[in-house]
Amino acid sequence: MGTIDYKNILVAVDGSEEAEWALKKAIYLAKLSDATLVLAHIVDTRNFPTIEAYDMNIRDRSETFANELLEKYKTEAIASGITNVITEVEYGSPKVKIPRDLAKKHTIDLIVCGATGLNAVERFLIGSVSEGIVRHSSCDVIIVRNDKN
């Protein structure tokens, strides 16, 4: 059996420590395969109507946070030797947007994400984003649980 080379790797990031571990693993794998790395942050808009009733600037702040986060991670990926880095900010449900829309748009053959991420309430109520990504994905998925390679 030959080696498995991934051509397009998507890493889902939300600013959590586990997402940073996932980024490091995705960078490592992208370097091994000389793959394109897609850095994706999904602004979860499902709670916006409730939040916006109290805070009209939440959408702008979410977008600013996403763009700054992705720019930081893109710089890190390029400094690590990745030549093709794409950033994506999307709006909606991460567990649907990542495996369906973004995976299709970029012909993704590997998705890398942290085991839990930031959204503990959603994890308790409806299951984690990583579970949803695995359930809805048609490509390989790596769930990163710690900072070890």
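Residues numbered from 1 in each chain as written. Predicted model: local features only at pLDDT ≥ 70, side-chain atom pairs only at ≥ 80, totals over all residues. Heavy atoms only, no water.

Enquirer: Where do I start with the pairing of strand S2 (residues 36–43) in this structure?
Expert: Residues in a regular strand project their side chains so that they alternate between the two faces of the sheet. The element S2 is largely enclosed, with a buried count of eight among its eight residues. Inspection of the sheet shows strand S1 (residues 8–12) paired to S2 by five bridges, in the parallel sense. In the strand pairing of S2, Ala12 is matched with Ala40. Once the chain exits S1 it traverses helix H1 (residues 17–33) before rejoining the sheet at S2, and the crossover so formed is right-handed. Sheet topology places S2 next to strand S3 (residues 85–91); seven bridges connect them, and they run parallel. Looking across to S3, one finds that Leu37 is bridged to Val85. (Buried < 20%, exposed > 50% of the residue type's maximum accessible area, 1.4 Å probe, protein only. Helix = DSSP H or I, 4+ residues; strand = E, 2+ residues; numbered from the N terminus. Pairing = 2+ DSSP bridges. Right-handed = clockwise from strand over helix to strand, strands pointing away.)

Enquirer: Teacher, can you tell me more about the nonpolar core here?
Expert: In a soluble, globular protein the nonpolar side chains are often hidden away together inside. By size, the foremost hydrophobic cluster in this structure holds 24 residues, and its most contacted members are Ile9, Val11, Val13, Leu37, Leu39, Ile82 and Val112. Elements with a contribution of two residues or more to this core: S1, H1, S2, helix H3 (58–79) and strand S4 (110–114). Sort the elements by how many residues they give to this core and H1 lands first, with eight residues. (Core = buried A, V, L, I, M, F, W, Y, C linked by side-chain atoms within 4.5 Å.)

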